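Chain residues, written in single-letter form:
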Amino acid sequence: PGELTKKRCVPCEGRVPALDAATIGSFMSEVPGWQLRATAITKTYSFPDFAAAMVFVNRMAQLAEDEGHHPDFCVHYGQVDVTLTTHAASGLTENDFIVAAKIDAF
């Protein structure tokens, strides 16, 4: 996740259109392990235990606040499922890929 981790999310509030399929494909190559699911990208992270999963979630929460772009997530004992989409655009925007790359850089 080279260049994406250097970028900052920009507020969109519905003013930014969702990305087209070609652009999504290009960004997908920059976030290995993420899966395209309709209008979102998802990834599952594994940890040795619940405490380690929660450390990850807390770091992700701080990143989300710093970027102003918040993922959906589900915590299991040693696993965290993360989903990113831009609700205001009804699809994916560059912000989703920026946050995905920054999460992967932890």
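Every value quoted in this text rests on a predicted model; they were computed, and no experiment measured them.

**Some words on the pattern of salt bridges**
- Tallied over the full model, the rule gives 5 salt bridges.
- With its nearest N and O atoms 2.5 Å apart, the salt bridge here joins Glu94 to Lys7. Highlighted residues: Glu94 in helix H3 (residues 94-104) and Lys7 in the segment before helix H1 (21-28), separated in sequence by 87 residues.
- The salt bridge partner of Lys43 is Asp104, with a shortest N-O separation of 3.0 Å.

**Some words on H3**
- Within H3, 9 of the 11 residues are buried, which leaves the element mostly enclosed by the surrounding structure.
- Residues of H3 that are buried: Asn95, Asp96, Phe97, Ile98, Val99, Ala100, Ala101, Lys102 and Ile103.
- Close packing links the buried residues of H3 with H1, strand E2 (40-46), helix H2 (50-67) and strand E4 (79-84).

**Description of the environment of Gly91**
- Mapped onto the secondary structure, Gly91 falls in the loop between E4 and H3.
- As for Gly91 and Asp20, which are separated by 71 residues in sequence, their C-alpha atoms are 9.4 Å apart.
- The residues contacting Gly91, other than those within four sequence positions of it, are Ala18, Thr39, Thr85, Thr86 and Asp96.

Scoring rules and cut-offs
Residues numbered from 1 in each chain as written. Predicted model: local features only at pLDDT ≥ 70, side-chain atom pairs only at ≥ 80, totals over all residues. Heavy atoms only, no water. Salt bridge = Lys/Arg side-chain N within 4 Å of Asp/Glu carboxyl O. Helix = DSSP H or I, 4+ residues; strand = E, 2+ residues; numbered from the N terminus. Buried < 20%, exposed > 50% of the residue type's maximum accessible area, 1.4 Å probe, protein only. Contact = heavy atoms within 4.5 Å.

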